[in-house]
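Examination of the molecular architecture
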Amino acid sequence: MNCAPFPTMRSPGSSARHAATAIALAVSSVLSGCFLDSNSGDSGGGSAANGSNTSTAAGGSTSTGTPTPTPTPTPTPTPTPTQTQVPAGPITEGDARRLLSQATFGVTTDAVVQDAMAKGAHQFITEEMAKAATNLPTIAQGSLNRQTQCPNNDAACLRDNFSAFPLQRAFLSAAISAPDQLRQRVTWALSQILVTSMGDVPTTYAMRQYQQILRDGAFGNYRDLLMKITLSPTMGTYLDMANNAKADPAKGSEPNENYARELLQLFSIGEIRLNADGTKQLDAQGMPVPAYDQDTIENFANVFTGWTYPTRAGSAAAWPNPENYEGDMIAMAAQHDTTAKTLLNGTVIPANQTPMKDLEDAISNVFNHPNVGPYIGKQLIQFMVTSNPTPAYVGRVTAVFNNNGSGVRGDLAAVVRQILLDPEARGEPATKAAANYGQLREPVLYVTNLVRGLGGTSDGVHLMTATLNNANVGLTGMGQPPMDSPTVFNFYPPDYKAPGTDILGPQFKIIQSTTSLARANFVYDLLITRNEQVGPAQGVVGATGTQLNSATLDPLAANPAALVDRVATIFGNNTLSAAEKTAIVTAVTALPANNAAMRVRSAVYLVVTSPQFQVAK
């Protein structure tokens, strides 16, 4: 992604907050320029999320509309893609830094970079996948009643039992310092595809159980993951599958369609039939072919009837069971629709099957649909490498999803390996010259890259709750509080286009003036106002605060050009142009030579708020 000219630099000083504001506004107007003058492939439409956890069916029909028939598609002929990977062996420093940027939450020390260089991408990934998983902290289920659990509405109790805060802390702490970085990174991507949100999940415990499923399944099989999330009582609450009874003509009731719809639209195949390379299949009139219609949704909704919460210890199973998030949902056959059901591609599952048999058949029907590889594979590429992968790149990842080389479909470990070893992912930054290559760093990655790049530590509290002039400039202010997306469509949809372009830039959905200000002001506040030190938050058990360590760069302060070059290498893989470096060097040189810390922090601030850092190549 090429960037427009850099905004005029001004160093943080006595009026540094105003400089932060000015630069943030300038950067927000420049960022979309990083996507200009490029021809994208089939971009997927550019739709934005709506404001609810329901959506229209493929072809535009709704749950109350007339079913849209699925026409016979005319697939675009494409050759079978090869499972191409870069050769094993040592890699360059630039490629090692890119690999660490894609496979972790940010580059740390030169020693880590040199280790990745010597091992090469193949060995690095193998060792990452073999690391023991860092699990979320154990949380007691407690009472689902707020008053019972938290007498007198104690604020700390409510925060720790009925919000995402404890999990956000744990997630961010692990993103900063856990050894299993690749698992953490893949889990974060999966959590933005297989979405649940604290907006509709009642307790911290419930969300913890769901997020642990994603961590456990990050390198597993996608079919297994679909089964686990389908039976998760957290998902059962979020998308209304729990206590979803079969139709009752006497009451005029019908099964709830939410989970059936989102399983198809968001968690597996998408709305449009795809070729293996992710491009849309078109009918004889040149229109995209729907992947399913309203009838299909209704049949899947019938499949997902008769499931209730797991039975609480010491209680007898009943319909409906009360909320309980310990274990998988259980079936109650009397509430399950036992009619025959027509699923994807006209597959019919027979009448009078058990609820579990229907569910297993339905998940297999979805999992084996040819759309799953390109639909899920492309999104994983977008989260880890580039927002606009070529059809060939998507096709190679699809081929591995379909067959990992040993006849296994849906092997996520093999898919992630292909994504990171693909020729489009590897190589020096200079080789990635296409204007539409790369991705805007989403807020979580923006923050973690800063902390990790300066050898920092964090318990996650400040990263979420940082405030400046009574405004949240942490991840909430930036528009991405983890595990708390506004809808089932995540914080941004995968087909959102960068403003003023025809190029996919999903993360731009949450770039506005306020969120751009929050980015710059978060960096300014932590580096300049707080001198890189935030103490433990009061009232938070186990809090340790957030600390950075830019002092290792102080010896370079006397040579602003060398300092800026080093900072640009740490944070931008040295992708700043000569003109951009000159602008930053000029700003840093204007600061007192006897104030090394201010020079270093100003250099970091100006590089990290630059479009060249915010758009990762």
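Residues numbered from 1 in each chain as written. Predicted model: local features only at pLDDT ≥ 70, side-chain atom pairs only at ≥ 80, totals over all residues. Heavy atoms only, no water.

**Some details on the confidence of the model for the protein**
Just so we agree on the cut-off: Confidence scores here are pLDDT values: one per residue, from the predictor, ranging 0 to 100. Any two residues whose heavy atoms approach within 4.5 Å are treated as being in contact.
On average, the protein scores 89 in pLDDT, and the residues at 70 or more come to 86%. Confidence drops under a pLDDT of 50 for residues 35-79, and excluding neighbours within four residues, the segment shows 115 contacts in the predicted structure.

**Some words on empty space enclosed by the protein**
We apply this condition: Whether a set of points on the 1 Å grid over the protein atoms alone is a cavity depends on a 1.4 Å probe fitting there but being unable to get out, while an open set qualifies as a pocket with protein on both sides within 12 Å along at least five of seven lines; lining residues are those with an atom within 4 Å of a point. Grid points are joined across faces, edges and corners, and a volume is the space filled by probe spheres set on the points. Each helix corresponds to a stretch of at least 4 residues labelled H or I by DSSP, and each strand to a stretch of at least 2 residues labelled E; elements are numbered beginning at the N terminus.
In this structure the tally under the stated criterion is six cavities of 30 Å³ or more. Taken as a whole, the largest cavity holds about 250 Å³ of empty space. In this structure, the largest cavity is lined by 23 residues; those nearest its centre are R97, S101, R441, N573 and A616. Contributing elements (two or more residues each) for the lining of the largest cavity: α2 (93-103), α17 (443-453), α20 (560-572), α23 (611-614) and β11 (615-616).

**Quick look at the environment of T92**
When you line up the elements, T92 lands in the loop between α1 (16-31) and α2. Contact partners of T92, with chain neighbours within four places excluded, come to M117 and E428.

**Side note on unusual backbone geometry**
Here the bond from W319 into P320 is cis, since omega is -5 degrees, no more than 30 degrees from zero. Considering the arrangement of structural elements, one finds P320 in the loop between β1 (307-308) and β2 (330-331). Phi is positive for N152, which is not a glycine, with a value near 65 degrees. You can see N152 is positioned in the loop between α4 (146-149) and α5 (155-162).

**Focus on the nonpolar core**
Spelled out, the test is: Residues enter a nonpolar core if they are buried and are Ala, Val, Leu, Ile, Met, Phe, Trp, Tyr or Cys, with the set joined through side-chain atoms within 4.5 Å. Relative accessibility under 20% of the residue-type maximum defines a buried residue, over 50% an exposed one, and the middle range a partly exposed one, all with a 1.4 Å probe and only protein chains included.
Formed by 151 residues in total, the largest nonpolar core has its most connected members in L182, Y222, I229, F267, F522, F571 and V604. Membership of the second largest hydrophobic core comes to six residues, among which are Y496, F508, I511 and V615.

**Considering the sheet that holds strand β9 (residues 533-534)**
Strands belonging to one sheet form pairs held by backbone hydrogen bonds; the direction of such a pair is parallel or antiparallel. Threshold: The pairing criterion for strands is at least two bridges between them, as found by DSSP.
Taken in spatial order, the three strands of this open sheet run β6-β10-β9, and their pairing is antiparallel. Of all the strands in the sheet, the pair left with one neighbour each is β6 (457-458) and β9. One ladder, built from two bridges, connects β6 with strand β10 (residues 546-547); its direction is antiparallel. The residue of β10 that forms the bridge with S458 is T546.

**Focus: the state of the cysteines**
The cut-off we apply is this: Only a pair of cysteine sulfur atoms within 2.5 Å qualifies as a disulfide here.
Within this structure, the stated rule accounts for one disulfide. Residue pairing for C150: its cysteine sulfur links by disulfide to C157, the two sulfurs lying 2.0 Å apart. Since a negative S-S torsion denotes a left-handed disulfide, the C150-C157 link at about -75 degrees is left-handed. Of the two residues, C150 and C157, neither departs from the other in class, the shared state being buried.

**Thoughts on the side chain of D525**
Locating D525 in the fold gives a position in helix α19 (residues 513-529). Residue class for D525 comes out buried when judged on its relative accessible area of 2%.

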